[in-house]
Amino acid sequence: MNEALLRSLTPSVLGILVRRGADFTAAEDAVQDALLEAVRVWPADPPRDAKGWLVTVAWRRFLDSTRSDAARRRREDRADEEPAPGSAPAVDDTLQLYFLCAHPSLTPSSAVALTLRAVGGLTTRQIARAYLVPEATMAQRISRAKRTVSGVRFDRPGDVATVLRVLYLVFNEGYSGDVDLAAEAIRLTRQLAAVIDHPEVKGLLALMLLHHARRAARTAPDGTLVPLAEQDRGRWDTEAIAEGVAILQAALARDRLGEFQAQAAVAALHADAPTAEETDWVQIVEWYDELVRLTDSPVVRLNRAVAVGEADGPRAGLAALAALDASLPRHAAVAAHLHERDGDLATAARLYAEAAHKAPTLAERDHLTLQAARLHSRRPR
Amino acid sequence: MAKYLMLKHYRGAPAAANDVPMDRWTPEEISAHIQYMNDFAARLEKTGEFVDGQALAPEGTWVRYDGEGRPPVTDGPFAETKDLIAGWMVIDVDSYERAVELAGELSAAPGAGGKPIHEWLELRPFLAAPPTIPECPHG
C-alpha cells in the first residue's frame, strides 16, 4: 500500500467532491471512508486508475450518507446527471482546496490544521501530536474550521498570499513527533507550485528548500543552536540548495518581486558562501532594502541592521539599530552581537543576558545565556 | 498558535476583589463556580484551544538536597508564607490578546454572592520549539 500516493491523491479527490456540490464535512468523511476502503482492497486488487477509483468510491459513500436527507436528495439528483468520474484533470480542484483551507474567515491555527488535514491528508492524531495538543482539541479545531468554510462558495479565486502564509506557518513549526511539518510544508508548496504559476509560490518553495537544506547543521546533537557562522557547511544539503537556487532564479527572471523571493535571495546568498567570511553581505543588505520596501516590517529592519553590521562594520550596524524600537523581539540579541564585535564586551554581556531573558524558545535562551557566560568568564570579576 | 499556562493560586497572588474564602460560600455558589470552570474547559475544547487543566491539593512541600548521605530537607515552620498553586490550565491560542481574554474570562468565575471573584490569574507563555526559519540571519 502506497501511503504517499494515497495522500497525494486526497486533495484532488476531495476537491472534486466539493466542486460537485458535496458539503465540505460530508465530502471529507466520504474521502476518508474511500481511503480506508483502498487500504483494505488495493493490496489484493490494485486499480488501474487510482484516482478514478477513489473518486467513484468516495462519491458513492457521499451519496449513501446523504440519501436519507430530503433536502440533499435534490442536489444528489442534480449531481447524478453529471458525467461519471473520469480522468479529468484535477488541477483546479486541488488549487481551490488550498484556497478554501486558507480562507480569511479562519484563524491561523484553524487554517493550518485544515490544510494539513484536507490538502495534506494527515490524520487528526498526527496533526494533534505535531502541535502537542490533545487529539480531541485538534478534532474540534478541524471540525470548527470545516463548519466555518462550509458555506463558502467555490467559484471565487482565492488569495494566494493567504495560502502562502499558511504554508509558511506549517513550515515554521518544524519537526515534532512523528510528522516532519517542514517536509510536509515543502511537499504541499511543491504541489501548489505545480498547479499555479505564481512567482511568489516559487519564492516560498525556494525559501523553504534553502532553509531546510541547513537544518542538520543548525543544531548540535544535544539540541543547542549553532549560529550560521559556526555551522559545518559540509552538512548542508547541497542538492536542496541547488534546487532552491534554480527555482529562485526562474522566479526572479519573471520580474515580479515579492517578499518570499527576496527572503529566498538572502538565504541563497548565505547558502552560496563557501565560508562565513565569504558571505556577500553587501548584496544581502541590498535584498533587505528591497524587503523593507516590500513589507516595511520592523523585524526586516532589524535583520537588515545585522547585515549592515557585517557589510559596513558594527558601528554602522548599531547606527541602523538605533532607529528601531528596542522592544522588538531579538533587538537585545542583535545589539549584543554588534557591541561584542565592536569590542564593548561589558555591554554585550549585559545585553546577551537581557536577550536570554526575553528569548521565545528554550534553545535560543540557552544559546544567549551561553554567550553572556562566555563574555563574563573572559573578563576579570 | 502559542501555548500559555494560566496559573490559579491558593496563596501568593494579589487579593481578589470578591475575596471570600470558598468554605464561606453557599453550596449553590460552589456548584455554580465548579460548573463555570467545567463549562469554560469544555468550551475551549470545542474552540480547539484546550490543552490541559489540573487542580492541585492545597498542601505543598518545599524539598531540598541537604548533602551526601543525608535525607532531603523539607520546609518547616514557615510553610504558611509560601505561594501555593491551586491548579493550572494550558491553552493553545492564536495570539497573546486571545490568551488575556480567556484568562479574564476564567477570572470572572462566580464566587460568593454569585458575583465574579475577580481573582488574579498568572498568565505565562510556554517557551516554544525553535522555528525552522531562523528569524535572525546570523542565527
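Computed from a predicted model, the values in this text were never measured in an experiment.

Observations concerning the confidence of the model for chain B
In low-pLDDT regions, the fine details of the predicted coordinates are not to be read closely.
Right, so step 1: Averaged over all residues, the pLDDT of chain B is 88; the fraction at 70 or higher stands at 91%.
Right, so step 2: The weakest mean pLDDT in chain B belongs to strand S4 (residues 73-74) of chain B at 85; the strongest belongs to helix H2 (residues 96-107) of chain B at 96.

Side note on the pattern of salt bridges
Right, so step 1: A complete count under the given rule lists 29 salt bridges over all chains for this structure.
Right, so step 2: Residues A:Arg315 and A:Asp342 are paired through a salt bridge, measuring 2.7 Å at the closest nitrogen-oxygen approach. Of this pair, A:Arg315 sits in helix H17 (residues 314-322) while A:Asp342 is found in the loop between helix H18 (331-341) and helix H19 (345-358), placing the two residues 27 residues apart along the sequence.
Right, so step 3: Judged by its relative accessible area of 25%, A:Asp342 falls in the partly exposed class.
Right, so step 4: Between B:Arg70 and B:Asp66 there is a salt bridge; the shortest N-O distance is 3.3 Å.
Right, so step 5: The exposure class assigned to B:Asp66 is partly exposed, which follows from its relative accessible area of 24%.
Right, so step 6: Three or more residues joined by partner-sharing salt bridges are found here, namely A:Arg7, A:Glu184 and A:Arg187.

So, the sheet that holds strand S6 (residues 121-125) of chain B
Residues and elements named next belong to chain B.
Right, so step 1: In space, the 4 strands of this open sheet follow the order S2-S5-S1-S6, with antiparallel pairing throughout. In the strand order of this sheet, the two ends are held by strand S2 (50-55) and S6, each with one partner. Between one strand and the next, the sheet's axes are offset by a mean angle of 20 degrees, whatever the strand orientation.
Right, so step 2: Where S2 meets strand S5 (residues 84-93), 5 bridges bridge the pair, whose relative direction is antiparallel. The partner of Gln54 across the bridge, within S5, is Trp88.
Right, so step 3: On the sheet, helix H1 (residues 27-47) packs against strand S1 (2-11), S2 and S5 and is oriented at approximately 25 degrees with respect to S5.

Thoughts on the interface of chain B and chain A
Right, so step 1: With 25 residues of chain B at the contact, the number on the chain A side is 40 residues.
Right, so step 2: Buried area between chain B and chain A, summed over both chains or domains, comes out near 2,900 Å², and the portion from carbon and sulfur atoms is 58%.
Right, so step 3: At the boundary of chain B with chain A, the tally comes to 1 salt bridge.
Right, so step 4: Between A:Arg141 and B:Asp92 there is a salt bridge, with its nearest N and O atoms 3.1 Å apart.
Right, so step 5: Elements represented by at least two residues in the side of chain B that touches chain A include exactly H1 and S2 of chain B.
Right, so step 6: The greatest single-element share of the side of chain B that touches chain A, amounting to 3 residues, is contributed by H1(B).
Right, so step 7: Classifying every residue of the side of chain B that touches chain A gives 13 nonpolar, 5 polar and 7 charged.

Criteria and thresholds
The residue count restarts for each chain, going from 1 along the sequence in the order it is written. All chains are assigned letters beginning with A, and all ligands numbers beginning with 1, in the order in which they are written. Selection of residues for local features in this predicted model requires a pLDDT of at least 70, selection of side-chain atom pairs for listing and counting requires 80 or more, and totals for whole chains, interfaces and linings are taken over all residues. In computing side-chain values, all of the structure's heavy atoms are included and hydrogens and water are not. In predicted models, pLDDT denotes the confidence assigned by the predictor to each residue on a 0 to 100 scale. Per the convention used, a helix needs a DSSP run of H or I reaching at least four residues, while a strand needs a run of E reaching at least two, with both numbered from the N terminus. The term salt bridge refers to a pairing of a side-chain nitrogen on Lys or Arg with a carboxyl oxygen on Asp or Glu at a separation within 4 Å. For the exposure calls, accessible area comes from a 1.4 Å probe over protein chains only, and a residue counts as buried if that area is under 20% of its type's maximum, exposed if over 50%, partly exposed in between. Two strands are counted as paired when DSSP detects at least two bridges linking them. A fitted line through C-alpha atoms serves as each axis, taken over the contacting stretch for helices, and the angle formed by two N-to-C directions is quoted from 0 to 180°. By definition, residues are in contact when any of their heavy atoms lie within 4.5 Å. By buried area we mean the combined loss of accessible area, with a 1.4 Å probe, across both parts when two parts are placed together. As a working rule, the residues Ala, Val, Leu, Ile, Met, Phe, Trp, Tyr, Cys and Pro are called nonpolar, Asp, Glu, Lys and Arg charged, and the rest polar, with Gly in that last group.

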